[in-house]
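Summary of structural features
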Amino acid sequence: MGSINNNFNTNNNSNTDLDRDWKTALNIPKKDTRPQTDDVLNTKGNTFEDFYLKRELLMGIFEAGFEKPSPIQEEAIPVAITGRDILARAKNGTGKTAAFVIPTLEKVKPKLNKIQALIMVPTRELALQTSQVVRTLGKHCGISCMVTTGGTNLRDDILRLNETVHILVGTPGRVLDLASRKVADLSDCSLFIMDEADKMLSRDFKTIIEQILSFLPPTHQSLLFSATFPLTVKEFMVKHLHKPYEINLMEELTLKGITQYYAFVEERQKLHCLNTLFSKLQINQAIIFCNSTNRVELLAKKITDLGYSCYYSHARMKQQERNKVFHEFRQGKVRTLVCSDLLTRGIDIQAVNVVINFDFPKTAETYLHRIGRSGRFGHLGLAINLINWNDRFNLYKIEQELGTEIAAIPATIDKSLYVAENDETVPVPFPIEQQSYHQQAIPQQQLPSQQQFAIPPQQHHPQFMVPPSHQQQQAYPPPQMPSQQGYPPQQEHFMAMPPGQSQPQY
Amino acid sequence: MSQFVGFGVQVELKDGKLIQGKIAKATSKGLTLNDVQFGDGGKSQAFKVRASRLKDLKVLTVASQSGKRKQQRQQQQQNDYNQNRGEHIDWQDDDVSKIKQQEDFDFQRNLGMFNKKDVFAQLKQNDDILPENRLQGHNRKQTQLQQNNYQNDELVIPDAKKDSWNKISSRNEQSTHQSQPQQDAQDDLVLEDDEHEYDVDDIDDPKYLPITQSLNITHLIHSATNSPSINDKTKGTVINDKDQVLAKLGQMIISQSRSNSTSLPAANKQTTIRSKNTKQNIPMATPVQLLEMESITSEFFSINSAGLLENFAVNASFFLKQKLGGRARLRLQNSNPEPLVVILASDSNRSGAKALALGRHLCQTGHIRVITLFTCSQNELQDSMVKKQTDIYKKCGGKIVNSVSSLESAMETLNSPVEIVIDAMQGYDCTLSDLAGTSEVIESRIKSMISWCNKQRGSTKVWSLDIPNGFDAGSGMPDIFFSDRIEATGIICSGWPLIAINNLIANLPSLEDAVLIDIGIPQGAYSQRTSLRKFQNCDLFVTDGSLLLDL
């Protein structure tokens, strides 16, 4: 269990026994000792208590392992609490989610049985993840949060909305459906948040977003967060925001903690190359990106044949399957995830320290979001790009657009660039309730306020790390495969393991 | 000739060019190569070489030792796959077991095949060509994508601070050229002398000291002399002054007795309120008690009302600055304009002057914009303290507008929305009827100010000083003589909370917060009067100048 850490700045309020009591009672996880970059450390010295947040919220923040606000949190939280509309830009993985969840929890009134905040995200995985942040930070606030996304049973959503919902996290299509049917009453929803706002303002979603806004009160507050803003945001701003407050923490585009390399590889050599990377790199968890769903599945099969466990995910999979893959990868039950760009935005898994672009992306935005899956919250990460001759144009353009340099892969890669010294302190993702993801609508049960923050077992992590004394290079043995027992037969193909083929023995 | 299929070869043409590739087909007429790499670095999936152009051929690699049967099977699989998927993947049919047996991939050797520096230098030269003249389609696509997004260092609102804030002052400069204020100031000086003489007489005469009730009435009279109508010195007006003073006294006594009757049935429960975080029980005060505290502080401790007012302004400004975002937001280097605070003030010592001092402390550091609108025209201000604070306020950067419409015009030209309204139209020692008097113009003006305030956006916070406009300070009930009232979201209490807050909680649904502000009353003041002893044993302001109440 995590040790109690009371090393916080002195509360600016009266320092009475009552104040000391609530801090000593906190159940704080073990401190994350990994080095961090200025992407999250370059603040003006404010603490969460300087924002005068309610005590129940501060308890949730500290028990989630948060110690100090990141730059985007420091700038956005106090302004959001004042009620201003906000346009906020910050790098991937620097704490944008908490920057809008914390003021939301501060402003929502638990005693008012109405939907008071709507958080819009572009993907279902991101909706699950965001709702989990809401529930973790707000676990003492008595606030009920519901997730609603496409691909799940509409009837379950309708039943859930008969109960108390204070914060609704969803994807645009489903939210519009519920609002249009008058199942979700947004007339008291005074807080509207768009994460990944550049995606949300794209042609796919813009019309839906504007239809949803017509169900909200005219004087609602709007918060827009993204790493990049399209030019079209100005049109949206003029139409829907009232004298917005702009925060721009993007003096450069790429994260400081991510080291980027390219390897020049013929297409037919890519598997050989990947096999070597697996054996030589010290991977905690890795995400491998391909440019098409077909290649995702083929590559996952080949990786399994090579003897490494992996999951895969792409847009053509069923929602239940995607949820399960997402959940288990986040929990560290498998080491490698092969996916398409479906998972490039917002997915936050601190244990991912390597991103491999098996196929090089065509645009700078895609590249930026892909490599942003490692190096989360100012930590270190490694991005390796497999480049063939035809990729040289994209490589050149992406370097020019991002103002970054992608160096040639060295003979040996310094482990200090991407490997944590003490993997025990790597934060485990906030657990998604086991019960919730088995249900199609993923209803959020109200947690008892006395429930302790549960840290899942850590037994999987040691298997991922090569012992420091190990000097020789050899193929890394795969972790024990998850048991097939209890899985419905139709779900077996998630594992990308062909039937009848046995695992190689070492 | 099929026996050569799969061989890796290097072909030299008669013109000296070198070509590497894998034989896909060989006939007497020529070769068909796959995975072709040209001597100049160019690549191609397939290339045909006529026999007539061949000069030399060198074998680099040989095909794997596979039988025809395997070749046919692979060919069939590939055909089936291509037919189904329409996509060719080179590593699709790779034998995984062979990859495992191979040595590590030689990254360094492969890197030697790609001279990034030279390639990029070449691309950079081509980068000068206009997009429409480029041959590569994805380059045009890249260019379009680049134009679709703001640059990382480009603001969506680049000139947010360049609005008309600095132009508002010109309007006030014109109004300060009036000669009348100087004349009014002289009259105020005379008044101050009279008040001072009266205080001295009161202290020296021993007959007054033991009579508590007389002292109470005396202080009410003292405050009544601040009424603007006292300026008229004619004999006929003196008679009218007496009538007005008596009416004012009667109203205050009624207010006090009403307050007493309200508190008596509820015993002690409604005479205390709790602080928000520390859960202290805090005694509540009547308006008369607040006046007594102020009087004692002035008489016995020589801390006059100007000092108390300044203490209030400093501590209240820190509280409001925190509400506006604190140090994280209030920075001179912020690219966003400063937050905007609007003060609705009356010509009254205990509300208007107090609010102007607060406004000055908010704006004098340059972090907050403050605009003030009075219940009367700026030229008609008569209270000496209000006029003094107004002058200091303007010198420190505060702005003044003279009508609701000019306030709205100013707001339209600013990039700052109104974030806080300070309602200082009515203090705890007067009513709206007192402010309006018999003037329908002022009454209409006050109503329009209330209406403007109530229609602000939901995110605008309205903080009333001591008592919201339109409510009785003694009871907290709506003013029966005035139908309009401010929908305050918060109350700023000067020193101690009014008992009226109990009824305000019920009558004012918009009320969310109340805060106590330390105005600097010495602890010893509470032992000077029996009626103030309940305030002695309460640790209110130890390390902070403000304290939130739990409503």
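Residues numbered from 1 in each chain as written. Chains lettered and ligands numbered in written order. Predicted model: local features only at pLDDT ≥ 70, side-chain atom pairs only at ≥ 80, totals over all residues. Heavy atoms only, no water.

The name given to chain B in UniProt is Enhancer of mRNA-decapping protein 3, with the source organism recorded as Saccharomyces cerevisiae. Quoted verbatim from the Subunit field of UniProt, the annotation for chain B is "Homodimer. Interacts with DCP2." Regarding chain B, the relevant UniProt record gives this comment under Sequence similarities: "Belongs to the EDC3 family." (UniProt positions renumbered as here; feature names shortened; annotations may be inferred.)

Within UniProt, the label attached to chain A reads ATP-dependent RNA helicase DHH1, and the organism entered is Saccharomyces cerevisiae. In UniProt, chain A has this text filed under Subcellular location: "Cytoplasm, P-body". Under the heading Sequence similarities, UniProt records this for chain A: "Belongs to the DEAD box helicase family. DDX6/DHH1 subfamily."

A short note on the overall build of chain A
For chain A, the count of helices and strands is 18 helices and 14 strands. Put simply, chain A has 506 residues, and 64% of those count as buried. If you sum the accessible surface of chain A, you get close to 19100 Å²; carbon and sulfur atoms cover 50% of it. (Helix = DSSP H or I, 4+ residues; strand = E, 2+ residues; numbered from the N terminus. Buried < 20%, exposed > 50% of the residue type's maximum accessible area, 1.4 Å probe, protein only. Areas by Shrake-Rupley, 256 points an atom, 1.4 Å probe, with all protein chains shown as cover.)

Side note on the interface of chain A and chain B
Between chain A and chain B, the residue contacts involve 89 residues of the former and 75 residues of the latter. Taking both sides of the interface into account, the surface hidden between chain A and chain B amounts to around 7500 Å²; carbon and sulfur atoms contribute 55%. Among the residues of chain A in contact with chain B, F264(A), W389(A) and Y396(A) are the three that bury the most area, contributing 10% of the side total. Our count for the contact surface shared by chain A and chain B stands at 4 salt bridges. (Contact = heavy atoms within 4.5 Å. Buried area = accessible area lost by both parts, 1.4 Å probe. Salt bridge = Lys/Arg side-chain N within 4 Å of Asp/Glu carboxyl O.)

A closer look at the sheet that holds strand 12 (residues 352-357) of chain A
Residue and element names in this part refer to chain A. Sheet architecture is open: 7 strands sit in the order 10-11-9-12-13-8-14, paired in parallel fashion. Across the chains shown, the open sheet's two edge strands, defined by having one partner strand only, are strand 10 (310-313) and strand 14 (407-408). Here strand 9 (residues 285-289) runs beside strand 11 (residues 336-339); their pairing, made up of 4 bridges, is parallel. Bridged to I287 within strand 11 is L337. Helix-sheet contacts for helix 14 (residues 319-330) involve strand 9, strand 10, strand 11 and strand 12, and the interaxial angle to strand 10 is about 140°. (Pairing = 2+ DSSP bridges. Axes fitted to C-alpha atoms, helices over the stretch in contact; angles between N-to-C directions.)

Quick look at unusual backbone geometry
All names here are of chain A. Unlike most non-glycine residues, K182 shows phi in positive territory, near 60°. At E196, a position not held by glycine, the phi torsion is positive, near 50°. For E196, the location among the structural elements is in the loop between strand 5 (191-194) and helix 9 (197-200).

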